[in-house]
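Letter by letter, the chains look like this.
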Amino acid sequence: MQKTMNKTAVQTAFVVVLALLPLGLIFNDNVWFDEAYTLALIRHDYGELLDILKTDMHPPLYFLSLKAFSGLFGYSLIATKIFSVLGYSAAVLGGSLMIKKHFNAQTAVFYAAAVPAIPMMFYFSNQQRSYSWCVCFVTLCFIQAVAALREEKARNFILMAVFGLLAAYNHFFALLAVFIVIGCVNLFVIIKRRGLFKWVLISDLICVVGYSVWTVPLMTQAGKAANNFWLKGVEWISVVVFACSVLIIAACLAVRANRRLETVFAAVCVLGLQAVGLLGTVFVRPLYIGRYSVVILGIGACFLAFSFSGLRRRGETVASILLCVFCVLNLAFSAAFEYNPSIDNFRRSFGEELSEKDTFLYFDSSFGVMSYYFPDNEHLCTYREEWFSAFDKVEYVEPDKLDEALAEKQGKIWMPITSTAKIPDDVRREFNYEKKYSFVCDFNVYDVYLIEGI
């Protein structure tokens, strides 16, 4: 008995430590455009926030929750990062508890180790975006779906629908993920377990009625995305992620003992979302990028846990070591990435030259980052979308009136631009400019030019 209690205590401590690891990554000021958008958006009141989101491509739950959380704990960068870490921690702890209840403790520990071992999980765990909470709710929806088919209890069907709704209100690809999960449950019940049809129907009604509030905005947003989304073709990263997923899943399912309901179900969900995203991008409209597959990473962790828990002792040992090695490597990579000193060095040197009278001019999305770091200056952008209204510090200037707008400015004119973007031809012809600074923020490299002779 004592030996069992000690083993349980060690396993619990191990899972808790894994759930708290991203807290070591939040003490930095490294923000990219989407995060700057989040930080600007939650400064608006709830009504304005919803109105802006209706012009963008995001469901409201994450932003409303973050605003409420920030209202309690402060609108600081640390607070917003902690909120994202809570989503990751809930995915690890909640998923482990559910798997332990419906399967066994060994599978639960494998799952808890697999979550941080998956590449980029730490990266998304502390971003001021909805991804960590999407991972949480999509994963819990999936686990309850598996439990519903295994145990045939009404409560599991209802919880599946509730977690599915929470996921759907966080991100559109989380909506797609739970649609695939619940769709698979419907199909399985119709073919194999018709006696459960009543509970499937109830769960479907919960989802349909629960999401009806956002159906009209969803249709509007989908129409705008079809016309205005920035992606122009298939993103190579999304293809690489899909190929890696296929290889890993095929290797695991090559072991006959792994071909069980839960592993096949997880494989269908992981590959299904990516396949739908890629096929839609190829044949309908480019809308899917590799980053969106993060919503099913928790299901991927479930797949690995289900596969590894069936191995013999030596195989389990090897799998455990590999998961721990990947976890450490991911944490080290994320720490180096998050604590990249480039932006701090730039702000220190640039701050010595910058005046409050200086103006920033933009031709690309670099206005998001720069308006966050330098809120006291004037920021002029030569293009606009409706949802840019989230950025109170950024003003629109018509490109053909740029000369007179800049002529009125008393300070220097700075032109930040991402290194992959192109300076407009008319600017090249009409203005003299010189590159003064470069810095790295997140995955983006920014060049900062000084425009002279205005």
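The following refers to the structure shown. Bear in mind the structure is a predicted one, so any value in this text is a computation, not a measurement. For every chain, the first residue of its written sequence is number 1, and the numbers climb from 1 along that sequence. Only residues with pLDDT of at least 70 get local features here, since the model is predicted, and only at 80 or more are side-chain atom pairs given and counted; chain-wide, interface and lining totals rely on the full set of residues. Hydrogens and waters are ignored; side-chain quantities use all the structure's heavy atoms.

1. What to know about the packing of aromatic side chains
Only rings of Phe, Tyr and Trp enter the pairing, Trp through its six-membered ring, and a pair is recorded when the two centres are within 6.5 Å. The plane angle decides the type: under 30 degrees is stacked, over 60 is edge-to-face, the rest tilted. Scanning all chains against the criterion turns up 45 aromatic pairs. An angle of 20° between the planes, with centres 5.6 Å apart, marks the rings of phenylalanine 360 and phenylalanine 374 as stacked. Pair noted here: phenylalanine 360 is in strand E1 (residues 359-362) and phenylalanine 374 is in the loop between helix H18 (366-373) and strand E2 (378-381), with a separation of 14 residues, a long-range link. As far as the burial class goes, phenylalanine 360 and phenylalanine 374 line up, both buried. Seen in terms of ring centroids, tyrosine 362 and phenylalanine 367 are 6.2 Å apart; in terms of plane orientation they differ by 65°. Their pairing is edge-to-face. Look at NZ for Lys and CZ for Arg. If either is within 6 Å of the ring centre and within 35 degrees of the ring normal, a charge sits over the ring. Note that lysine 67 overlies the ring of tyrosine 46, its terminal NZ or CZ placed 5.3 Å from the centroid. Helical segments are the DSSP runs of H or I of at least four residues, strand segments are the runs of E of at least two, and each set is numbered from the N terminus. Relative accessibility decides the category of a residue: with a 1.4 Å probe and only protein chains considered, values under 20% of the type maximum give buried, values over 50% give exposed, and everything between is partly exposed.

2. Some points on helix H4 (residues 61-73)
Think of an α-helix as 3.6 residues a turn; residues three or four steps apart then line up on the same face. For H4, built from 13 residues, the straight-helix expectation of 18 Å at 1.5 Å per residue is met to within 8% by its first-to-last C-alpha distance of 18 Å. Every buried residue of H4 is accounted for by Tyr62, Phe63, Leu66, Lys67, Phe69 and Ser70. All buried residues of H4 fall inside an arc of 165° around its axis, so they share one side. Along H4, the residues that are exposed and aim more than 90 degrees away from the buried face are Gly71 and Leu72. Note on definitions: a residue-residue contact is assigned when non-hydrogen atoms from the two residues lie within 4.5 Å. At its buried positions, H4 is contacted by helix H2 (33-41), helix H3 (46-54), helix H5 (77-102) and helix H8 (131-151). Of the residues trailing H4, glycine 74 is marked for its positive phi of about 105°. Helix span is expected to be 1.5 Å times the residue number reduced by one. This arc is built from the directions going out from the helix axis to the C-beta atoms.

3. Description of a nonpolar patch on the surface
On the surface, Leu187, Ile190, Ile191, Phe197, Leu201 and Leu205 cluster together into a nonpolar patch covering about 570 Å² of accessible area. For isoleucine 191, the position within the fold is in helix H10 (residues 172-191). In this analysis, a patch consists of residues with relative accessible area above 30% that form no salt bridge, clustered at 9 Å for like charges and at 5 Å for the nonpolar side chains Val, Leu, Ile, Met, Phe, Trp and Tyr. Note that accessible areas follow from Shrake-Rupley with a 1.4 Å probe, and for residues the cover is restricted to the protein chains shown. A side-chain nitrogen of Lys or Arg and a carboxyl oxygen of Asp or Glu constitute a salt bridge if their distance falls within 4 Å.

4. Let's talk about the sheet that holds strand E5 (residues 432-441)
Strands sit in the order E3-E2-E1-E4-E6-E5 across an open sheet of 6 strands; the sheet is mixed. The open sheet terminates on both sides in strands that have one partner only, identified here as strand E3 (394-396) and E5. Pairwise comparison of adjacent strand axes, ignoring direction, gives a mean angle of 30° for this sheet. At least two DSSP bridges between two strands are required for those strands to pair. In this structure, E1 lies alongside E2, joined through 4 bridges in parallel fashion. Paired with threonine 359 across the two strands is glutamate 378, which belongs to E2. Geometry is summarised by axes, namely lines fitted to C-alpha atoms with helices restricted to the contacting stretch, and by angles between N-to-C directions that run from 0 to 180 degrees. Of the strands in this sheet, E1, E2, E3, strand E4 (413-418), E5 and strand E6 (444-452) touch H18, which is tilted by about 165° from E1.

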